Amino acid sequence: MKHKFSLLLAAILMSACTCEEQGLSSFPASEVVVSGPLAQRIQSNLARLQDDIYQPPQVFEDKNWPGDFVGRTILGLTMDSEAIHQETTLLPMLIDSLPAYLNPKGYLGPDYSPSINEQQLSGHGWLLRGLCEYYRKTGDESVLEVVRSVAENLFVVNKGLYSTYPIAPEERTNQGGEASGSIAGQVGNWILSTDIGCVFIGMAGLIDAYEFIPSKAIRQTLDEMVARFLEVDLTGIQAQTHATLSALRGLVKYARLTGDESLLDETLERWQIYVSEGMTCCYANLNWFGRPDSWTEPCAIVDSYIVAMDLWKATMDPSFRDMAELIEVNAIGHAQRSNGGFGCDSCPSEANPFLSVVIPEAHWCCTMRGAEGLSRMAEYSWMSKGNTLYVPFFRAGALCAEDLQVEQRTEYPDSGTVTLKFFRNDRGVDTLMLPVLPWADNLTIQLNGQVITPEEIGGMYAIARNFVSGDVVKLDFDLPLRSDEWNGCRRYYAGPVMLGIRGESPEWTLDDLEPVPGLMKCMDSDRVRVLFQ
């Protein structure tokens with residue numbers, strides 16, 4: 001596997017360094033203002049996450065996946081509330097209630113030792129992730145004590161056994177599995193899940209814990225878990241794509257925390273496998289590698305979005321940014337339902353070229369992870385490096401730092417007009433970087449009403465100017481109908497947005513095509529044709 005991509009990876013890595021070395025960073029959520037459709041979507045999701053099913057005590061009562069439901073809920077509430085600057089009383093209530101539900105060893109659920117339940121490790125991966133995000137937001141030291149007890153008494157205690165985690169195809173032959181995952185059996189010490197590889201979701205959560213508790217024991221445990229993950233034949237064991245993408249998200253962070261850039265190489269290889277073997281025609285995911293008969297999972301879609309952006313920041317290869325946008329406007333775009341939650345859809349193919357709702361809402365997992373996807377969209381709206389301001393995506397909103405205030409107005413991708421106006425630039429921004437959209441035509445860029453032709457650098461337009469209050473940058477471009485080939489079929493787009501036709505009539509024209517996210521936005525069961533001959 002490594003040989004196949006070695007030249008590509010070497011070329012990328014020789015021309016790039018890590019995100020921290022580049023100094024490319026996001027702005028604090030307190031300085032980012034979202035508006036338009038994204039603000040509405042986050043607000044809707046936050047409201048959904050305060051419904052009865054997310055309240056105690058029921059949020060703590062997940063017996064099959066201890067730690068999972070409450071961990072994801074804490075994560076979703078933390079990120080939604082931070083993104084739109086709206087506090088919720090439920091979040092501190094969950095944090096305050098958590099210690100009463102911990103067992104004597106400081107984690108949730110029973111003590112399975114000497115056996116290891118990978119669903120328990122996976123669930124606590126989300127608990128660690130949620131608590132770490134809450135700590136990042138609040139600085140509440142009491143939360144770190146729970147993080148420490150989970151890390152040491154559930155994960156580190158099993159150090160030496162992760163190298164025995166079953167990864168041989170003959171040990172992972174289960175072809176069943178439901179959307180929520182279930183126990184498939186036991187091999188050796190390991191109680192295994194139909195969500196094949198979900199132990200590595202636990203690994204990703206432990207990496208989050210290591211960022212704040214960088215102990216030698218956690219590092220040794222992670223090194224063993226990472227080594228085992230890198231031995232997995234993802235397609236051979238038909239690994240769950242969600243578990244795979246969560247692991248890749250963790251690997252990028254672990255590379256940054258440890259300085260081991262070989263992990264970026266490993267992530268790039270497995271990302272390519274996912275794109276070619278695990279991604280649907282609509283930029284969503286097959287639930288398992290090699291299982292086109294399965295369904296999509298917004299949890300995995302969100303992780304794919306984050307991994308794509310992590311790889312863009314690490315390499316500055318524009319193809320990763322472009323992929324992230326296609327995932328955002330299509331896969332995430334039609335996975336959110338009218339009640340603010342997120343659900344699972346079908347996996348269209350040549351034999352069945354229709355997209356349809358499979359699970360109206362996966363309230364137990366995807367609704368909470370959808371919150372992270374939406375909040376990351378807000379985070380990725382503005383980035384900086386030195387005196388350079390990056391606008392990776394066109395979306396309505398504003399940057400309101402004390403020394404830098406910029407507003408972006410647009411209805412993209414519904415239209416091809418974008419306006420950015422500076423209201424303050426005490427920071428000394430002297431370069432504005434805007435994305436080169438591969439699906440846009442007839443672009444004109446104006447600075448204060450004068451047409452300019454900025455330099456193109458790494459898939460971004462670089463507008464050099466010592467910006468002052470009142471400066472306006474305006475872009476106008478067309479988003480023409482286009483198509484590409486996918487597995488012997490054709491996909492149609494308007495700009496980045498996939499187009500389809502509601503219903504199953506074989507008679508259609510190009511004039512019948514409509515945006516797929518709009519056709520799928522309500523929890524209905526109509527089938528939308530997205531692949532064409």
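Conventions used here
- All residue numbers refer to positions counted from 1 along the written sequence of the respective chain.
- At least 70 in pLDDT is required for a residue's local features to be given in this predicted model, at least 80 for side-chain atom pairs to be given and counted, and no such filter applies to totals for whole chains, interfaces and linings, which use all residues.
- Derived side-chain values reflect all non-hydrogen atoms in the structure, with water molecules and hydrogen atoms excluded from consideration.
- The helix count covers DSSP runs of H or I at least four residues long, the strand count covers runs of E at least two residues long, and both are numbered beginning at the N terminus.
- Summary of the burial criterion: residues with accessible area below 20% of their type's maximum are buried, those above 50% are exposed, and those between are partly exposed, where the area comes from a 1.4 Å probe applied to protein chains only.
- Residues are treated as being in contact if the distance between any of their heavy atoms lies within 4.5 Å.
- Pairs were defined over the aromatic rings of Phe, Tyr and Trp, the Trp ring being its six-membered one, requiring ring centres within 6.5 Å. Orientation was assigned from the angle between planes: stacked under 30 degrees, edge-to-face over 60, tilted for the rest.
- A pair of strands counts as paired when DSSP detects no fewer than two bridges linking them.
- Confidence scores here are pLDDT values: one per residue, from the predictor, ranging 0 to 100.
- Lines fitted to C-alpha atoms define the axes here, with helix axes fitted over just the stretch in contact, and angles between the N-to-C directions of these axes take values from 0 to 180 degrees.
- Roughly parallel means an angle under 35 degrees; roughly antiparallel, over 145; roughly perpendicular, 65 to 115; everything else is oblique.
- Crossings are assigned a handedness: left-handed for a near helix turned anticlockwise from the far helix by less than a right angle, right-handed for a clockwise turn.
- Note that Gly is not counted as nonpolar here; it falls among the polar residues with everything else outside the nonpolar set of Ala, Val, Leu, Ile, Met, Phe, Trp, Tyr, Cys and Pro and the charged set of Asp, Glu, Lys and Arg.

1. A look at the environment of Leu 154
For Leu 154, the location among the structural elements is in helix α7 (residues 141–155). Residue classification places Leu 154 among the buried residues on the basis of a relative accessible area of 4%. Considered as a pair, Leu 154 and Asp 111 are 43 residues apart in the sequence and their alpha carbons are 8.7 Å apart. Setting aside residues up to four positions removed in sequence, Leu 154 forms contacts with Tyr 107, Gln 120, Leu 121, His 124, Ser 149 and Tyr 162.

2. Examining the packing of aromatic side chains
The description of an aromatic ring pair uses the distance of the two centres, along with the angle that the planes make with each other. Going through the model one piece at a time under the given rule, you end up with 18 aromatic pairs. Summarising the aromatic geometry, the rings of Tyr 54 and Phe 69 are spaced 5.6 Å apart at their centres and angled 55 degrees between planes, so their arrangement reads as tilted. Pair noted here: Tyr 54 is in the loop between α3 (36–48) and α4 (68–83) and Phe 69 is in helix α4, with a separation of 15 residues, a long-range link. The burial state of Tyr 54 is the same as that of Phe 69; both residues are buried. Ring centres of Phe 60 and Tyr 101 lie 4.1 Å apart, and the angle between their planes is 5 degrees; on these two criteria the pair is classed as stacked.

3. Topic: unusual backbone geometry
Cis geometry is adopted by the peptide bond preceding Pro 114, which originates at Ser 113 and carries an omega value of 10 degrees. Structurally, Pro 114 is set in the loop between α5 (90–97) and β3 (116–117). Residue Tyr 412 is joined to Pro 413 through a cis peptide bond whose omega torsion reads 10 degrees. Its place among the elements puts Pro 413 in the loop between β12 (404–410) and β13 (417–425). Located in the positive-phi region is His 85, a residue other than glycine, with phi close to 55 degrees.

4. Let's talk about the sheet that holds strand β17 (residues 455–457)
Spatial ordering of the open sheet is given by β1-β9-β10-β14-β18-β17, a layout of six strands whose pairing is mixed. Each edge of the sheet is formed by a strand with only one pairing partner; in this case those strands are β1 (25–26) and β17. Examined bridge by bridge, β17 and strand β18 (residues 460–464) share three bridges and lie antiparallel to one another. Of the residues in β18, the one forming a bridge with Glu 456 is Tyr 461.

5. Let's talk about the confidence of the model for the chain
Taken as a whole, the chain shows an average pLDDT of 93; of its residues, 93% reach a score of 70 or greater. Low pLDDT, under 50, characterises residues 1–21; the predicted model gives this stretch 26 contacts beyond four residues in sequence or across chains.

6. Considerations on the packing of helix α8 (residues 199–212) against helix α10 (residues 241–258)
Between two packed helices, both the angle of their axes relative to each other and the distance between the axes serve to describe the pair. Remark: α8 packs on α10, axes separated minimally by 8 Å, with the N-to-C direction vectors making an angle of 25 degrees. The angle between α8 and α10 places the two elements in the roughly parallel class. When the axes of α8 and α10 are compared, the crossing they make is left-handed. Touching Phe 200, Ile 201, Met 203, Ala 204, Ile 207, Asp 208, Tyr 210 and Glu 211 of α8 are His 242, Ala 243, Ser 246, Ala 247, Arg 249, Gly 250, Leu 251, Lys 253, Tyr 254, Arg 256, Leu 257 and Thr 258, all from α10. Here the residues of the contact of α8 with α10 sort into eleven nonpolar, four polar and five charged.

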